[in-house]
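Here are the chains, one letter per residue:
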Amino acid sequence: MKKTRVFLVLISLGFSLDAFALMELSGRFSYDKTVYGASRENKITNRTWAGGLAIYLFNNTALELNYSTSEENTVENEVIPLTGYNVSVVGTQTTIENEVYGVGLKQVLGNRKGRIVPSISLGYAKQFITSVSDATYRDDTTLAELTTTSDPTKTRVDSVFGTFTLKLNLTSRLSLTGSVNTLFKAFETDKARDNLKYSVGFSWIL
């Protein structure tokens with residue numbers, strides 16, 4: 001529900017400012033899954049939804065407002081005996097939710113009305129990260145199991161975002177987009193290449 005409300009706010013903001021400048025609404029989704037372990041018993045999945053509103057102040061330069069939310073889930077089902085106890089850890093699960101609100105500038109590289117249009121975006125972002133984990137323990141004598149869940153850990157981080165986008169114009173208003181996005185803690189530019197996300201989406205001229 002929260003993702004839907006954010007996208008509706010972006011749309012309504014675009015229509016309310018329609019008389020001011022050219023608007024472009026965008027959305028994208030990415031999903032990745034990694035399976036590992038001797039019997040492929042462990043996995044990491046990540047889903048990301050993102051939306052943005054570009055308000056063109058000049059022909060090729062826009063003010064960009066964006067929002068994204070992602071959920072990363074790590075499941076490990078390896079059996080780990082606890083030394084000195086007749087107990088084993090038989091499974092752990094960690095879920096990390098990451099909400100990002102950003103504002104910055106978007107620069108179109110070339111003819112904005114061309115068939116294929118590259119652009120770059122750079123700006124400030126605020127991250128809100130929530131992490132929660134649980135572990136399942138087994139009594140190796142009775143085989144009874146107990147699952148414990150940690151209290152959520154919440155963190156707020158000042159960050160910088162950067163995006164490179166290739167847009168394929170399908171019509172005068174609708175476009176297909178492919179993007180590479182990085183997000184890193186402010187002033188830690190050496191981390192930019194360590195957090196890359198690839199996604200596909202759309203954009204719509206309002």
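Residues numbered from 1 in each chain as written. Predicted model: local features only at pLDDT ≥ 70, side-chain atom pairs only at ≥ 80, totals over all residues. Heavy atoms only, no water.

Within the protein one finds one helix and ten strands. Order of helices (α) and strands (β) in the protein, N terminus to C terminus: α-β-β-β-β-β-β-β-β-β-β. The proportion of buried residues among the 206 residues of the protein is 37%. The long-range fraction of contacts in the protein, counting pairs at least 24 apart against all pairs at least 6 apart in sequence, stands at 60%. (Helix = DSSP H or I, 4+ residues; strand = E, 2+ residues; numbered from the N terminus. Buried < 20%, exposed > 50% of the residue type's maximum accessible area, 1.4 Å probe, protein only. Contact = heavy atoms within 4.5 Å.)

Attention now goes to the packing of aromatic side chains. Counting across every chain of the model gives three aromatic pairs. Aromatic pair Phe29 and Trp49: ring centres 5.6 Å apart, planes at 50 degrees, arrangement tilted. Remark: Trp49 occurs in strand S2 (residues 42–56) and Phe29 occurs in strand S1 (residues 22–36); sequence separation between them is 20 residues. For Trp49, a relative accessible area of 29% translates into the label partly exposed. With centroids separated by 5.0 Å and ring planes inclined at 55 degrees, the aromatic side chains of Tyr67 and Tyr101 adopt a geometry described as tilted. One end of the pair, Tyr67, is in strand S3 (residues 61–76); the other, Tyr101, is in strand S5 (residues 87–108), with 34 residues separating them in the sequence. Here the aromatic cluster, defined as three or more aromatic residues joined through ring pairs, consists of Tyr67, Tyr101 and Phe128. (Phe/Tyr/Trp six-rings, centres within 6.5 Å; stacked < 30°, edge-to-face > 60°.)

Together, Leu57, Phe58, Leu63, Val103, Leu105 and Tyr124 give the surface a local cluster of nonpolar side chains, amounting to about 560 Å² of exposed area. Positionally, Tyr124 belongs in strand S6 (residues 116–139). (Patch = residues over 30% accessible without salt bridge, like charges linked within 9 Å, V, L, I, M, F, W, Y side chains within 5 Å. Areas by Shrake-Rupley, 256 points an atom, 1.4 Å probe, with all protein chains shown as cover. Salt bridge = Lys/Arg side-chain N within 4 Å of Asp/Glu carboxyl O.)

This brings us to the environment of Gln107. Note that Gln107 resides in strand S5. Placed 14 residues apart in sequence, Gln107 and Ser121 show a C-alpha to C-alpha distance of 6.3 Å. If near-sequence neighbours (up to four positions away) are discounted, Gln107 is found in contact with Asn60, Thr61, Ser119 and Ile120. In this structure the side chain of Gln107 is engaged in a polar contact, spanning 3.4 Å, whose partner is the backbone oxygen of Asn60. Here the side chain of Gln107 touches Thr61 through a polar contact of 2.7 Å, side chain to side chain. (Polar contact = N/O pair within 3.5 Å; in protein donor to acceptor, adjacent residues only side chain to side chain.)

On the surface, a cluster of positive charge is contributed by Lys33, Arg40, Lys43 and Arg47. By the secondary structure assignment, Arg47 is in strand S2. By relative accessible area, which is 34% here, Arg47 ends up partly exposed. (Lys, Arg positive; Asp, Glu negative; His and termini not counted. Charge placed at Lys NZ, Arg CZ, Asp CG, Glu CD.)

This part is about the pattern of salt bridges. Tallying each qualifying case throughout the model produces four salt bridges. Here Asp140 makes a salt bridge to Arg138, at a shortest N to O gap of 3.0 Å. Of the residues examined, Arg138 reaches a relative accessible area of 23% and is grouped as partly exposed. In this structure, a network of salt bridges that share partners links the residues Glu24, Lys106 and Lys167.

So, about the side chain of Thr136. With respect to the helices, strands and loops of the structure, Thr136 is situated in strand S6. At 3.0 Å, the side chain of Thr136 and the side chain of Thr147 are in polar contact.

These values are about where atoms sit, not about what they do.
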